Amino acid sequence: MMDNNPEECSVCFNNYDDTLLRPRTLPCGHTFCSQCIDNAIKNGQLNCPSCRAQHTATAATQFPINYGMEAFIRKLKSMEVVRVTTVPTKPNKAPTRGISKKLRSLVEEQKSSISSLITSCEEVLSQLGEYQGQLGDWQTQHLQLQDRLYALVEQNKSAMKLLELEDTSVVDMTTQGEEGKTQLQAMLGSLDTVNTAQEVFMTINEVDQCNMEVEDWLQKCQELFPDVNTVHTSVKVQETIREALEMTTTETGATADPVHLGDSDSSIMTKVQEITGEIPQKEITVEDLRRMSEPVKNLVEAGRVVAVKSLVEDGRVVAVQEHKDGRRSARITLQDGQLYLHPLLRQPTPAHAHTIQESDVVGVLDPSCTLAFLDLGWAGSTRGRVTIRLTPDTPLARQFVLLCTGQRGHTYRNTKLLMVVDKGRPGERVVGGDYEINDGHGGAPLLPDLRGQYRQSRQAGAVRSWSVMVSRWWPLGDPTSAQFVITTRDRQAGHQGPGVFGDVVSGLDVVRAAVNHSDITEVTVVDCGVVLPL
């Protein structure tokens, strides 16, 4: 049904304004006022009042303002004002017969000139309104960032309080230890001066009592220090704040080059985009990624620091895939000159995201040279990236790509490493990749036939299928065929490992560090994906 009142919110039927009732557009395309969106959000979820599409949000400010709607409303208002001020209260009189054609032509020229200026005024007023809306958005974002920075400060204060308490405990225990040490030294002197049996027995009793007190102190020190919560909290808070400060220094520390705005006839928002280096929200093409202009580069670099959620949420490029279960999206990031495609996830496309069709991105993958990556983490943080060069034209390599990109719905993301085999010995290797059950009993194949020509290798860094390691026959349809093995130590001479479909080209030290972790099942693939050869 056509909306006969586009200037009003279809939920509360109030006219949009530039404060509480600003029009905001949901990812599904429908527009409502900010107040109604805030009222509709429950437990981080929002159902569109028009199409019932479900979105994830905590506040209306996460959705973009419909500047086009605001400009339309302003134009409607200006047209009403012009109509009121120009409609005569009395019928127009016929032109005075005494005015010559030349003068009448001059009057028409003036009227045309005035009309043209009125149109120009309306256009600039619309641009000013759009710019004002952008300024309001930036002010809101600054307030949100300020709140998050305050939260970081509070976290830092809490960590410092824990450190102060721990320091006090250490001082107290140090005092007790010094006293015990002094008593032991005195006991040594007393034993050197005993002359009678009675003195010996008395001194020995005192020594036993002193020994018990010191041994009790030693045990308490082992039990009390270090306090795990204090150390972990301090390290994590320092890491978070340091990352935030490094990012802030990178963004604001350098002196910006002067921006030349070029054509003075450009609209106000076009000039704003030139200053900020942003590009209008739209679909990005593979050619845009290949050219890697400065605005596109800024977008994909911003996606790399999304993990610092307290500071960065927008400004990313995502590959989208329309699926029977809904739209899925995958981040595209830039790091050290390489473009990375992360796995497709069933989640709403981020607000203000610039999108590209996932099929277009996957179409540029060179089947003869595919690089995949696994980001490993434990103890609450990502420890490093493992990059694997896959053997071309092998079913296991193609399956590995599918599970790194999530093209079939399943992914290695958030799976844990399962076990270490032959730890500390030649041929040491780690097993992972149970995307189904995550305990070693799952990992069914995604391809109907995994048979192919595979290499053998005794070198550390070789990547192979776990099922072929535990069976003498090729596992066609084995329920663990998607599980992988990464060798961390060379095998003994003459002992070749079968079924190799890839080799670690960087990050083998990360895998070895994971092997040496106290519990290998605490090591998780926190992220995965492939390198885009653009």
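Small disclaimer: the values here were computed from a predicted structure and weren't measured.

Engineer: Honestly, the overall build of the protein in this entry has me stumped. Any pointers?
Structural biologist: Along the backbone of the protein there are twelve helices and 17 strands. Buried residues in the protein amount to 37% of all 534 residues. Within the protein, counting contacts between residues at least 6 apart in sequence, those at least 24 apart form 64% of the total. In the form shown here, the protein has an accessible surface area of approximately 31400 Å², with 53% of it arising from carbon and sulfur atoms.

Engineer: What should I look at first to understand the pairing of strand β12 (residues 429–432) in this one?
Structural biologist: Consecutive side chains along a regular strand alternate between the two faces of the sheet. Along β12, one buried face is formed by Arg429 and Val431 and the opposite face, lined by Val430 and Gly432, is buried too. Relative to β12, strand β11 (residues 417–421) runs antiparallel, the two being bridged by four bridges. Directly across from Val420, in β12, lies its bridge partner Val430. Note: β12 against strand β15 (residues 484–487), four bridges, orientation antiparallel. What sits directly across from Val431, in β15, is Val485.

Engineer: How should I be thinking about the confidence of the model for the protein in this particular structure?
Structural biologist: Predicted coordinates in areas of low pLDDT are best not read in detail. When pLDDT is averaged along the protein, the result is 82; 84% of the residues meet or exceed 70. Under a pLDDT of 50 for its full length, residues 250–255 has, in the predicted model, two contacts with residues more than four places off or in other chains. Confidence drops under a pLDDT of 50 for residues 305–315, and excluding neighbours within four residues, the segment shows 23 contacts in the predicted structure.

Engineer: Honestly, helix α10 (residues 395–405) in this entry has me stumped. Any pointers?
Structural biologist: Side chains that are three or four residues apart share a direction in an α-helix, a result of its 3.6 residues per turn. Counted residue by residue, α10 has ten buried out of eleven residues, so it is predominantly covered. Residues Pro395, Leu396, Ala397, Gln399, Phe400, Val401, Leu402, Leu403, Cys404 and Thr405 constitute the buried set of α10. Just beyond α10, the residue with positive phi is Gly406, at close to 70 degrees.

Engineer: Quick question: what am I supposed to make of the pairing of strand β10 (residues 381–390) here?
Structural biologist: With respect to burial, β10 is a largely interior element, seven of its ten residues being buried. Judged from the nine bridges that link them, strand β9 (residues 370–378) and β10 form a sheet pairing that is antiparallel. The partner of Ala372 across the bridge, within β10, is Ile388. Hairpin connection between β9 and β10: a loop of two residues separates the two successive antiparallel strands, and Ala379 in this loop has a positive phi of roughly 55 degrees.

Engineer: Help me out: how do you make sense of the state of the cysteines in this one?
Structural biologist: Here a disulfide denotes one covalent bond, and it connects the sulfur atoms of two cysteines. According to the stated counting rule, one finds zero disulfides in the structure shown. Summary of cysteine pairing: Cys9 is not part of a disulfide, and the nearest cysteine sulfur, belonging to Cys33, is at 3.8 Å. On the basis of relative accessibility, which here comes to 0%, the residue Cys9 falls in the buried class. In this structure Cys51 is a free cysteine whose sulfur lies 3.7 Å from that of Cys48, the closest cysteine sulfur available.

Engineer: I'm lost on unusual backbone geometry in this one. Help?
Structural biologist: Phi is mostly negative for residues that are not glycine, and the peptide bonds are mostly trans. Along the chain, Phe225 connects to Pro226 via a cis peptide bond; the corresponding omega equals -5 degrees. Even without a glycine there, the phi angle at Arg52 is positive, about 65 degrees. Structurally, Arg52 is set in the loop between β3 (45–47) and β4 (54–56). A relative accessible area of 53% places Arg52 in the exposed class.

Engineer: Is there a simple way to think about helix α3 (residues 101–193) in this case?
Structural biologist: For α3, with 93 residues, the first-to-last C-alpha span of 137 Å sits near the 138 Å given by 1.5 Å per residue. Among the residues of α3, those classed as buried are Gly129, Gly133, Gln134, Gly136, Asp137, Leu152, Ala159, Glu166, Met173, Gly177, Gly180 and Met187.

Engineer: Got a minute to help me understand the packing of aromatic side chains in this structure?
Structural biologist: By convention here, two paired aromatic rings are described through the distance between centres and the angle between planes. Considering all chains together, one arrives at five aromatic pairs under this definition. Put simply, the rings of Phe400, Tyr412, Phe484 and Phe501 touch in pairs and so form one group of aromatic residues. Over the ring of Tyr340 we find Arg385; its NZ or CZ atom is 4.4 Å from the centre of that ring. Lying over the aromatic face of Phe373, Arg385 brings its terminal NZ or CZ to 4.1 Å of the ring centre.

Engineer: Mind showing me how you'd approach the pattern of salt bridges here?
Structural biologist: Pairing between side chains of opposite charge can happen when the charged atoms of each approach one another. One pass over the full model with this rule turns up 15 salt bridges. The partner of Glu70 in a salt bridge is Arg22, and the shortest N-O contact between them spans 3.0 Å. Linking Glu70 in helix α2 (residues 67–86) with Arg22 in the segment before β1 (23–25), this pair joins segments that are 48 residues apart in sequence. When its relative accessible area of 7% is taken as the criterion, Glu70 is described as buried. For Arg22, a relative accessible area of 8% puts it in the buried group. Of the charged contacts in the structure, one is a salt bridge between Glu428 and Arg489, with a shortest N-O distance of 3.5 Å. In this pair, Glu428 sits in the loop between β11 and β12 while Arg489 sits in the loop between β15 and β16 (497–506), placing the two residues 61 residues apart along the sequence. Residue Glu428 is classed as buried on the basis of its relative accessible area of 4%. For Arg489, a relative accessible area of 39% translates into the label partly exposed.

Engineer: Would you take a moment to explain a nonpolar patch on the surface for this structure?
Structural biologist: Judged by side-chain polarity, Ile99, Leu103 and Leu106 come together as a nonpolar surface patch covering roughly 250 Å² of accessible area. Along the chain, Ile99 turns up in the loop between α2 and α3.

Engineer: For this particular structure, what's the right way to read the nonpolar core?
Structural biologist: The tendency in soluble globular proteins is for nonpolar side chains to be buried as a group. Residues Ile332, Leu341, Leu374, Phe400, Tyr412 and Phe501 are the most contacted members of the largest nonpolar core, which totals 58 residues. By residue number, the principal contributor to this core is α10, which donates seven residues. Those residues in contact with Tyr412, other than ones at most four positions away along the chain, are Leu374, Phe400, Leu403, Cys404, Gly433, Ala482, Phe484, Val525 and Cys528. Within the second largest apolar cluster, 16 residues are counted, among which are Tyr16, Cys33, Ile41 and Leu46.

Engineer: Would you explain the packing of α3 against helix α4 (residues 197–224) in this entry?
Structural biologist: Packed helices, taken two at a time, are described by the angle between their axes plus the distance between the axes. Interhelical geometry of α3 versus α4 gives an angle of 160 degrees and a closest axis separation of 10 Å. Taken as axis vectors, α3 and α4 run roughly antiparallel relative to one another. Seen along the crossing, α3 lies across α4 with a hand that is left-handed. Along its contact with α3, which presents Glu166, Met173, Gln176, Gly177, Gly180, Gln183, Leu184, Met187, Ser190, Leu191 and Thr193, the element α4 presents Glu199, Thr203, Glu206, Val207, Cys210, Asn211, Glu213, Val214, Trp217, Lys220, Cys221 and Leu224. For the contact of α3 with α4, the residue count by class is ten nonpolar, eight polar and five charged.

Calculation criteria
- Residues take numbers from 1 onward in each chain, read along the sequence in its written order.
- Since the coordinates come from a predicted model, pLDDT governs what is reported: local features require at least 70, and pairs of side-chain atoms require 80 or more to be given and counted, while whole-chain, interface and lining totals use all residues.
- Side-chain numbers come from the whole structure's heavy atoms, not from hydrogens or water.
- Think of it this way: any DSSP run of H or I at least four residues long counts as a helix, any run of E at least two long counts as a strand, and we number them from the N terminus.
- Note on exposure labels: buried denotes an accessible area under 20% of the residue type's maximum, exposed denotes more than 50%, and partly exposed covers the range between, all computed with a 1.4 Å probe on protein chains only.
- Two residues form a contact once any of their heavy atoms are found within 4.5 Å.
- Working definition of accessibility: Shrake-Rupley area with a 1.4 Å probe, residue cover restricted to the visible protein chains.
- Note: two strands are recorded as paired if DSSP finds a minimum of 2 bridges between them.
- Every residue carries a pLDDT, the predictor's confidence in it, which falls somewhere between 0 and 100.
- Here, two cysteine sulfur atoms that lie within 2.5 Å of each other are counted as a disulfide.
- To estimate the expected span of a helix, subtract one from its residue number and multiply by 1.5 Å.
- We call Phe, Tyr and Trp rings a pair once their centres come within 6.5 Å, taking the six-membered ring for Trp, and we label the pair stacked below 30 degrees between planes, edge-to-face above 60, and tilted otherwise.
- Only Lys NZ and Arg CZ are tested; either one counts as a charge over a ring when it is within 6 Å of the ring centre and within 35 degrees of the ring normal.
- In the sections that follow, a salt bridge refers to a side-chain nitrogen of Lys or Arg positioned within 4 Å of a carboxyl oxygen of Asp or Glu.
- Patch definition: residues above 30% relative accessible area lacking any salt bridge, with like charges linked at up to 9 Å and the nonpolar side chains Val, Leu, Ile, Met, Phe, Trp and Tyr linked at up to 5 Å.
- Joining through side-chain atoms within 4.5 Å is the link that ties buried Ala, Val, Leu, Ile, Met, Phe, Trp, Tyr and Cys residues into a set, and such a set is a nonpolar core.
- Every axis corresponds to a line fitted to the C-alpha atoms, with the helix fit spanning only the stretch in contact, and the corresponding angles, defined between N-to-C directions, vary from 0 to 180 degrees.
- Just so you know how the angles are binned, under 35 degrees is roughly parallel, over 145 roughly antiparallel, 65 to 115 roughly perpendicular, and the rest oblique.
- Throughout, a crossing is termed right-handed when the near helix is turned clockwise from the far one, and left-handed when it is turned anticlockwise from it by less than a right angle.
- We call Asp, Glu, Lys and Arg charged. Ala, Val, Leu, Ile, Met, Phe, Trp, Tyr, Cys and Pro are nonpolar, and the rest, Gly among them, are polar.

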